[in-house]
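# Topology and contacts: notes
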Amino acid sequence: MSQLPNCPQCHSEFTYEDGSNYVCPECAHEWPQVAAEETETARVIRDANGNVLQDGDSVTVIKDLKVKGSSLVVKVGTKVKNIRLVDGDHDIDCKIDGIGAMSLKSEFVKKA
Ligand SMILES: [Zn+2]
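### Comments concerning the side chain of Gln 33
- Looking at the secondary structure, you find Gln 33 in helix α1 (residues 33-36).
- At 3.1 Å, the side chain of Gln 33 forms a polar contact with the side chain of Glu 17.
- At 3.3 Å, the side chain of Gln 33 and the backbone oxygen of Gly 19 are in polar contact.
- If we ignore the near neighbours within four places in the chain, the residues touching Gln 33 are Glu 17, Gly 19, Ser 20, Asn 21 and Tyr 22.

Put into structure tokens, the structure is as follows:
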């Protein structure tokens with residue numbers, strides 16, 4: 001059963017197949033099985049080099065990044081472990097030693 005994708009709307013794991021569609025029992029979202037492979041429903045986030053990033057990956061920051069709302073800077077070369085991909089302008093959630101939880105843009109990191 002682990003072959004079925006999570007619901008793209010609510011990320012439920014309880015997706016099931018109905019004809020040529022996937023159906024989510026939790027939010028009632030339906031989407032076509034075929035298109036899921038090729039469209040944003042299976043959103044691919046890539047690093048600065050075009051490598052595909054996944055939850056749990058480690059990345060390196062390639063640019064000094066100011067931390068919003070503080071005077072801290074994430075220095076180029078900072079290693080970030082165990083990233084989590086999210087929707088939005090800043091598409092990586094992570095925790096950085098000495099700084100704490102923050103969001104990064106995938107275009108400013110590369111896979112370690
Ligand atoms: Zn759902």
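There's plenty left to go through after this.
### Comments concerning the pattern of salt bridges
- With the rule as written, the count across this model stands at three salt bridges.
- A salt bridge links Asp 57 to Lys 111; the nearest nitrogen and oxygen atoms lie 3.5 Å apart. Taken together, the positions of Asp 57 in the loop between β5 (52-53) and β6 (59-61) and Lys 111 in strand β13 (residues 109-111) put the pair 54 residues apart, joining distant regions of the chain.
- For Arg 84, the salt bridge goes to Asp 93, with nearest N and O atoms at 3.2 Å.

### Quick word on the sheet that holds strand β10 (residues 84-85)
- Spatial strand order, β10-β11-β12: three strands in an open sheet with antiparallel pairing. Two strands lie at the open edges of the sheet, namely β10 and β12 (100-104), each paired on one side alone.
- Taken together, the five bridges between strand β11 (residues 92-96) and β12 define a ladder with antiparallel strand orientation. Counterpart to Asp 93 in the pairing with β12 is Ser 103.

### Points about the coordination of the zinc ion
- In this structure, Cys 7 (SG), Cys 10 (SG), Cys 24 (SG) and Cys 27 (SG) serve as the protein donors to the zinc ion, at separations of 2.2 to 2.3 Å.
- Its four donor atoms give the zinc ion angles of 104 to 115° at the centre, a pattern that matches the tetrahedral case.
- Each donor residue of the zinc ion lies on one chain, and together they are spaced C-x2-C-x13-C-x2-C. Of this pair, Cys 10 sits in the segment before β1 (16-18) while Cys 24 sits in the loop between β2 (21-23) and β3 (30-32); the two residues are 14 residues apart in sequence, bridging distant segments of the chain.
- Overall, Cys 24 belongs to the buried group, its relative accessible area being 1%.

### A look at the sheet that holds strand β9 (residues 79-80)
- Pairing within the open sheet is antiparallel, and its three strands lie in the order β9-β6-β13. The outermost strands of the open sheet, each flanked by one partner alone, are β9 and β13.
- Pairing geometry for β6 and β13, over three bridges, is antiparallel. Bridged to Val 59 within β13 is Lys 111.

Criteria and thresholds
- Residues numbered from 1 in each chain as written.
- Predicted model: local features only at pLDDT ≥ 70, side-chain atom pairs only at ≥ 80, totals over all residues.
- Heavy atoms only, no water.
- Helix = DSSP H or I, 4+ residues; strand = E, 2+ residues; numbered from the N terminus.
- Polar contact = N/O pair within 3.5 Å; in protein donor to acceptor, adjacent residues only side chain to side chain.
- Contact = heavy atoms within 4.5 Å.
- Salt bridge = Lys/Arg side-chain N within 4 Å of Asp/Glu carboxyl O.
- Pairing = 2+ DSSP bridges.
- Donors = N, O, S within 2.8 Å, 3.2 Å for Na, K, Ca; no water.
- Tetrahedral: all angles 85-135°; square planar, octahedral: opposite > 155°, others 65-115°.
- Buried < 20%, exposed > 50% of the residue type's maximum accessible area, 1.4 Å probe, protein only.

Everything listed here is a matter of coordinates, which is why it stays silent on function.
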